[in-house]
Structures are given as structure tokens and as C-alpha cells.
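Residue-level listing of the chains:
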Amino acid sequence: RDLTDISLLECFIYLRYVDLSENKLQDLSPLSSLTNLLWLKVDGNLLTSPCLKELPYLQFISFGQNRIKDVEGITHPRLINLSLKGNRIQSALGLSHGQLFNLQTLELRGNVLESTAGLSLPKLKNLYLAQNAIKSLEGLEGLEQLATLHLRDNSLESLDGFCSSMKCLQYLNLRNNRISSLQEVAKLQVLPMLQALVLMDNPCSTEPSYRLEVLAVLPHLQRLDKEVFEQEEQEEANRIRQERQEKARVRTAELGVADR
């Protein structure tokens, strides 16, 4: 409706669901009086900041396709789902860990993030970071409940940054990054619950025996690039892994003898 002014909404203090998408809003301050608000959608406006007075019951916000450059000022204590997709955000530093302790789903797809620093949110279960410019994985150690992580269409060359504290991560999408060596995949061994991995459209996915090599280093994996591993593949990968372990033991023993 090309709205630019929503000051009239200040009178409707009992509103719980508000959709103001596809307007020309630059200011959301009139919503500060809506202290019973549960759900807010303001996609496709002209907002440059997500800052809004703390709303005590707000559980869902979507700021998609605006002009937002940072994440400062989001402090709603009961927020469960936050979408900031399709903005101009360069850094996630500024998300209030002390306030967003109930946040479970965070959507930051289609921004210009270069790092994951600042995303250490204790109850986060789903994190969507596709279509950014991420080159490094930092600050992931606090994501102890994260189950799903999307990093498709980024600029990762290394898989440094994953850690054993990410004990709930089951699904990891790394499609269309710059991972050139399957040796990087071995760094995912620290993820004890990883069941599904997407690596297609990385340089390493063209290496010979790609599927077997991945399964050999990640024996608990059930699906690679959305295809379930067949029993024959599991058996062959297990044989390869055992052969390599035996060679490593022999080499260690030989080195021990040489030292004496």
C-alpha cells in the first residue's frame, strides 16, 4: 500500500499479529506501544535498522529484503524465530547473547557476511547462512544445540572452526564453496551426530572415489549430497578405513623401533 507512516497503530495496543510487508517504511517506532505483539513481518520495506524497543512477548520477526546493515538492537527475550534474509549485513557481531537466549531459528541468507563471528546463541537449532561471502568459521563453539547449518554459496576454502561442542549438529550444507581437498572433510570428525552432508559443487567433489573417501573418514554419515549410502559403499569404505588404520599402526611401530 506504499505506507510510509504507521503512527495510527500506536492506538491498537492489543494487536498480536502484524504484517506490514511490501511498503515503504523506514521507521517502526510506533510499534513500541504494542506490548502484546507475538508476530511481526516487515519484509520488503526501506528499513536500515532492525532496532525496536524490547517487546516482552514477541516470538517471530521477519525483516527480509530491507536495507539493514547491522544486527544491533534486537533484544526481545522470548524471540524464537528471526529472519534477516536479503539485507546488507556485513557482521553478526551485535546480536545480544544475553537477551536472545530463546532464539531457535536464525535466517541470514543473502547478506554480505564474511565470518560467522557473533553467532554464539545458546539455544539456536537452525542457522541459515547461504548466499553470503563467508571465508572463515569463527565462534561456533557456543552452538551446542545447533542441529541444522546451511552454508551453501559462500567462499569457504577450509573447514577449520567446527568443534566437538557442536554435539547436536546433524545436517550440514556446504554446497558451492571452494573446498578443494578431501583432507578438509576429515575436520568434520569432531561432529559426533553428523548424519547428512552436502558437498557438491566444491572442487573436492570431482576427486576419484569421492563418496567412498568421504565415508571412509566420516563412518557415521548416512547421506552425502542427499543420496543415502548403500550397504556396499559402507562395506568398501569400512575396508579402506581399516587398511589405512593398519598401515598407520605399522608405521608407528616402525618409528618406535627406529627410535630405540
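- An unreviewed UniProt entry annotates the protein as LRC23 protein originating from Indicator maculatus.

Thoughts on helix α1 (residues 210–217)
Right, so step 1: Most of α1 sits inside the fold, with 6 of its 8 residues counted as buried.
Right, so step 2: Among the residues making up α1, those that are buried are Tyr 210, Arg 211, Leu 212, Val 214, Leu 215 and Ala 216.

A short note on the nonpolar core
Right, so step 1: Counting residues in hydrophobic clusters, the biggest one holds 71 residues, and the most contacted among them are Phe 162 and Leu 197.
Right, so step 2: Within the residue set of this core, elements represented by two or more residues are α1 and α2 (231–259).
Right, so step 3: Per-element tally for this core: the top contributor is α1, with 5 residues.
Right, so step 4: Beyond its immediate chain neighbours, meaning those up to four positions away, Leu 197 contacts Leu 172, Leu 174, Val 185, Leu 188, Val 214, Leu 218, Leu 221, Arg 223, Leu 224 and Asp 225.

A word on a negative patch on the surface
Right, so step 1: A cluster of acidic residues, Glu 227, Glu 230, Glu 232 and Glu 235, forms a negative patch on the protein surface.
Right, so step 2: You can see Glu 230 is positioned in the loop between β11 (227–228) and α2.
Right, so step 3: For Glu 230, a relative accessible area of 49% translates into the label partly exposed.

Some points on the layout of surface pockets
Right, so step 1: Reported here for the largest pocket is a volume of approximately 290 Å³.
Right, so step 2: Along its surface, the largest pocket is lined by 14 residues, and Gln 189, Ala 216, Val 217, Leu 218 and Pro 219 are the ones closest to its centre.
Right, so step 3: Looking at the lining of the largest pocket, the elements that each hand over two or more residues are α1 and α2.
Right, so step 4: Here the lining of the largest pocket takes 3 residues from α2, the largest share from any one element.

Overview of the packing of aromatic side chains
Right, so step 1: Taken as a whole and judged by the stated rule, the model has 2 aromatic pairs.
Right, so step 2: Their ring planes at 10° and their centres at 5.2 Å tell us that Trp 39 and Phe 60 sit as a pair that is stacked. One end of the pair, Trp 39, is in strand β2 (residues 39–41); the other, Phe 60, is in strand β3 (residues 60–62), and 21 residues separate them in sequence.
Right, so step 3: Overall, Trp 39 belongs to the partly exposed group, its relative accessible area being 28%.

Notes on the pattern of salt bridges
Right, so step 1: Throughout the structure, instances matching the rule amount to 11 salt bridges.
Right, so step 2: Across the pair Lys 167 and Glu 144 runs a salt bridge, and its minimum N-O distance is 3.4 Å. Note that Lys 167 is positioned in the loop between β7 (148–150) and β8 (171–173) and Glu 144 in the loop between β6 (126–128) and β7, a separation of 23 residues in sequence.
Right, so step 3: Judged by relative accessible area, Glu 144 falls into the partly exposed class, the value being 38%.
Right, so step 4: Residues Arg 244 and Glu 213 are paired through a salt bridge, measuring 2.9 Å at the closest nitrogen-oxygen approach.

Criteria and thresholds
Residues numbered from 1 in each chain as written. Predicted model: local features only at pLDDT ≥ 70, side-chain atom pairs only at ≥ 80, totals over all residues. Heavy atoms only, no water. Buried < 20%, exposed > 50% of the residue type's maximum accessible area, 1.4 Å probe, protein only. Helix = DSSP H or I, 4+ residues; strand = E, 2+ residues; numbered from the N terminus. Core = buried A, V, L, I, M, F, W, Y, C linked by side-chain atoms within 4.5 Å. Contact = heavy atoms within 4.5 Å. Patch = residues over 30% accessible without salt bridge, like charges linked within 9 Å, V, L, I, M, F, W, Y side chains within 5 Å. Areas by Shrake-Rupley, 256 points an atom, 1.4 Å probe, with all protein chains shown as cover. Salt bridge = Lys/Arg side-chain N within 4 Å of Asp/Glu carboxyl O. Lys, Arg positive; Asp, Glu negative; His and termini not counted. Charge placed at Lys NZ, Arg CZ, Asp CG, Glu CD. 1 Å grid on protein atoms, 1.4 Å probe; cavity = no way out; pocket = protein on both sides within 12 Å on 5 of 7 lines; lining within 4 Å. Points joined across faces, edges and corners; volume = space filled by probe spheres on them. Phe/Tyr/Trp six-rings, centres within 6.5 Å; stacked < 30°, edge-to-face > 60°.

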